Amino acid sequence: MALRFNRNLLKKILLCLLAFSGYVLGIAFLIHSQTFFLVTVGPEQLPFVMVLGATVAICYSLLSSAIGMKLSPPLKFAIFTIFISAFYGIVYLLPQNVELQALLFFLMSSFFFDFLDISVINVSSSLMTPLQAKNMLPLLNSFSSLGVIVGSYFALDIQRLSEPMGIGLLPAMSLLIVVLFALLTVKFFKKDLAQAAESAKLQATGSKNRLRDAFKYVFHQSHLFKTLAFIVFLFVAIRVSMEFKFKTTMSMNFSGEELTDIIGKVYMVESAIMFLVGLFLTEKLLFRFGIVKILLAYPVLMFVAGCVALALGLPPFFVVLFALSCTIPWYSIVAVTTSQIYSIAPKQKAQQVYFLIMGLLTSLTKLVMSLSFFVYATNIELERFLNTGLIMFFIVIAFVAILKFKNYFQMELKDNLFKEDVYLKHQSIELLAEKTQRNQGEVYLRRLVAMKSTDEQTRIKTLNTLGIIGNYETVTDLIKILKEGSPKEMFAALQNIELIVKSRRKFNKYPLSKHLLLKTYREIFISNVPHYVKMEIISALKYFNLEEVIDFLEKNLQNADPQVQVNIIETLDTFNDRAIILYLEPFLNSENVKVVASTVAALWKFPDMRIYLVPRLAVIMSDKSLAGMESSLFLIGAIQAHWEKEYVKVLTTSENDHIRQYAYITLILLGERGYLDELLHELVLTSKQSETNSHGVEFLLSQYRKFSSEVKELFISQIQQLPEMDVRAVRGAFDRSNYMFVTELEDLRT
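Rules of the game
- Residues numbered from 1 in each chain as written.
- Predicted model: local features only at pLDDT ≥ 70, side-chain atom pairs only at ≥ 80, totals over all residues.
- Heavy atoms only, no water.
- Core = buried A, V, L, I, M, F, W, Y, C linked by side-chain atoms within 4.5 Å.
- Buried < 20%, exposed > 50% of the residue type's maximum accessible area, 1.4 Å probe, protein only.
- Helix = DSSP H or I, 4+ residues; strand = E, 2+ residues; numbered from the N terminus.
- Phe/Tyr/Trp six-rings, centres within 6.5 Å; stacked < 30°, edge-to-face > 60°.
- Expected span 1.5 Å × (residues − 1).
- Arc of directions from axis to C-beta.
- Axes fitted to C-alpha atoms, helices over the stretch in contact; angles between N-to-C directions.
- Parallel < 35°, antiparallel > 145°, perpendicular 65-115°, else oblique.
- Contact = heavy atoms within 4.5 Å.
- Nonpolar A, V, L, I, M, F, W, Y, C, P; charged D, E, K, R; others polar.
- Salt bridge = Lys/Arg side-chain N within 4 Å of Asp/Glu carboxyl O.

> Which parts of the structure should I look at to understand the nonpolar core?
Across soluble globular proteins, nonpolar side chains have a tendency to be buried as a group. In terms of nonpolar packing, the biggest core is built from 240 residues, with Phe225, Phe235, Ile357, Tyr521, Leu572, Ile719 and Phe734 touching the most fellow members. No other element matches helix H10 (residues 223-253), which puts 16 residues into this core.

Here it is as structure tokens:
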């Protein structure tokens, strides 16, 4: 079988490698250019270059805001990288004016690093939901930090390599290679880009003054983003002031290659810590403490570090520690945190809002702060006093502003739940799953579920979020859905009740809720609900204690429907209690071969029973009827009978579609992933015939649910590589299924 790649994993790898390579070059050229500038021109001219760099970044941000959704973020990234590499080429062709070359080289290197800061997170988060971004962006930041580590390590070598080649030639050549790699990465996001293009086309009929509207929205209409803009202004002012303090302190104490080496080592240590934080802590911290607490922790950490540095007289070592306390959280945590906030900007304004705050406002702040540095750029003592005072002042104001921001953020999430804008509603539902939002947000989510006007899709998404929150008080609201909702909503409620019960081990503290839930299950089971809902109820009983559900299970073991018997036997199989032998052993003599197969599978985990089970297994496998072959395949997969692979492979040539498909599924469950291709082919054909073969589609999707997460992800990645028409057919099958496939539908969006 041909080797198949997990497409989602490949996308992640390409994004991480793109971030890594960009930051390797970005930091190496920045270190080289700034030491070249400091030695050639002098630190007193540093504010001048910072002003020019901020001006260039402002122009870039305005242009990006004006373009908005007309170009996708990945495409904009590639275009601007080409522009930067061309500019480096111009620096190389300039007359040999060393000071001018140093100025332009430092200017463009500073802009390139700012460009990476503005663009990398934007490119990635534009292709993800808030929940996906919360999982993916910390990894991406870790690779960015790893790039800074590697780039810092080789900065001195790059400086030496650049001398014979000439300033500008090496950066230009390197960035052109990055452009080619960026375009390759873009190719793997063609479906996402097509979606962005379609979105842009739809938005083109709206307002022609999108940039003006975005300005109005950020700085006048939205209290949330107006406050966020002020916080970002303060954070950037702190970071730029700290960067100036760090560079001036280092240049006053070191020079030449020693300066390059010291700065490179500081960046390496800084980035090593950022790499570890991004890889192991950021995601956990965000899920544990949420957006607002993370933002509050940032100024607190800097304030403590600043007080320590001031108490010790600001020697170089403690200036470095002060700078680390500012830079490490900014890149490893704050960038991911703020990306979550931008996800609740209106979709048609999202790009403009992002670039106005993270691009334009950030650059303007750098410009203002850089101009202020002229006051004390030539007086190191004044810088030590005045600049440090400004930093500490901004830190205190930032803390107060974040407390105000907390209220606006909570209000915005709650308001979005009841707006007509489905995009904002769904984004806010996801964010309310955060632990810091749950106490207040859960009440509003439960109200949203209770509203009769809430559409089915939103109600199901809300139910999923309530399942993630996992409070037992919510079970009562989910029980109402079980009694009053549509079949799909009932199924979603059942799944999320299971999630709550499975993830929380304190259900015994709520005996009344537990009793009410079991009572409801019994009532629904005997009511006129679809068969798949009844089967999910039986499956849900495995999360209770055996003594609490055994009477219900024992009673329905005598049900005339063999499928009910099979499902109850599978549920009993989940209890690690030898007492189930007494209940199941009589069914080894059942007249229904599927019931016998399920019983054999349930009792197989008891080694002393296998001597009685092997003859039953042999009888089932000798049965050549359709039910016999189906039961054989089920049993081989359930007990992981690898020794029967050849028997299963023979059935892959069956002319019966159902048996052939079941054989593929069994081989996959036995670890033969090469058969995913054949199963995918069957799913595509069956999906296209879904109107006449809905039972066949439901069978395939019910078996897909048994796959491991890794196999599911690989299967979905292979679907994404199909022609557009086939992807649409399969996505439709997932969408119409009685089962809930929220993640799959997001991954297969067109």
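> Is there a simple way to think about the packing of aromatic side chains in this case?
In this description, a pair of aromatic rings is defined by centroid distance and the angle of the planes. Taken as a whole, this structure holds 17 aromatic pairs when the rule is applied. Between phenylalanine 225 and tyrosine 342 the ring centres are 6.2 Å apart and the planes differ by 20 degrees, which places this aromatic pair in the stacked class. Of this pair, phenylalanine 225 sits in helix H10 while tyrosine 342 sits in helix H13 (residues 316-342), and the two are 117 residues apart along the sequence. In this pair, the class of phenylalanine 225 matches that of tyrosine 342, namely buried. Ring centres of tyrosine 521 and phenylalanine 544 lie 6.4 Å apart, and the angle between their planes is 90 degrees; on these two criteria the pair is classed as edge-to-face. A residue pair is termed long-range when its members are at least 10 positions apart, and tyrosine 521 in helix H21 (residues 511-525) and phenylalanine 544 in the loop between helix H22 (531-540) and helix H23 (546-556) qualify at 23 residues.

> Quick question: what am I supposed to make of the environment of lysine 76 here?
As for its placement among the helices and strands, lysine 76 is situated in helix H3 (residues 73-93). What makes lysine 76 buried here is its relative accessible area of 3%. Measuring from C-alpha to C-alpha, the distance between lysine 76 and valine 123 comes to 8.8 Å, with 47 residues separating the pair along the chain.

> So what exactly am I meant to see when it comes to unusual backbone geometry here?
For residues besides glycine, phi is generally negative; the peptide bonds are generally trans as well. Here glutamine 640, not a glycine, exhibits a phi torsion of approximately 55 degrees, which is positive. For glutamine 640, the location among the structural elements is in the loop between helix H28 (626-638) and helix H29 (645-651).

> Looking at this structure, how should I read helix H27 (residues 610-622)?
For the α-helix, the turn length of 3.6 residues means that residues three or four positions removed from each other point alike. Over its 13 residues, H27 extends 18 Å from the first C-alpha to the last, a length consistent with the 18 Å expected when each residue adds 1.5 Å. Within the sequence span of H27, burial applies to Leu613, Leu617, Ile620 and Met621. On an axial view of H27, the arc spanned by its buried residues comes to 90 degrees, and they lie on one face. Exposed side of H27, more than 90 degrees from the buried face: Ile611 and Val619 are the residues found there.

> Just to check I follow, could you spell out the packing of helix H33 (residues 709-720) against helix H34 (residues 724-736) for this structure?
In a packed pair of helices, the relevant descriptors are the angle between the two axes and the axis-to-axis distance. Between H33 and H34, the shortest axis-to-axis distance is 9 Å and the interhelical angle comes to 135 degrees. The orientation of H33 with respect to H34, classified from their angle, is oblique. Taking contact as the criterion, the partners of Ile716, Ile719 and Gln720 in H33 are, on H34, Val727, Val730 and Phe734. Grouping the constituent residues of the contact of H33 with H34 by class yields 5 nonpolar, 1 polar and no charged.

> Quick question: what am I supposed to make of the pattern of salt bridges here?
Any two side chains of opposite charge can pair, given that their charged atoms come close. Tallied over the full model, the rule gives 12 salt bridges. One salt bridge in this structure joins arginine 522 and aspartate 551, with 3.3 Å as the shortest N-O distance. Highlighted residues: arginine 522 in helix H21 and aspartate 551 in helix H23, separated in sequence by 29 residues. Taking the relative accessible area as the measure of exposure, arginine 522 reaches 30% and is therefore partly exposed. When its relative accessible area of 44% is taken as the criterion, aspartate 551 is described as partly exposed. Glutamate 724 is the salt-bridge partner of arginine 728, the closest N and O atoms lying 4.0 Å from each other. Here glutamate 724 and arginine 728 lie together in helix H34, a separation of 4 residues that amounts to about one turn.

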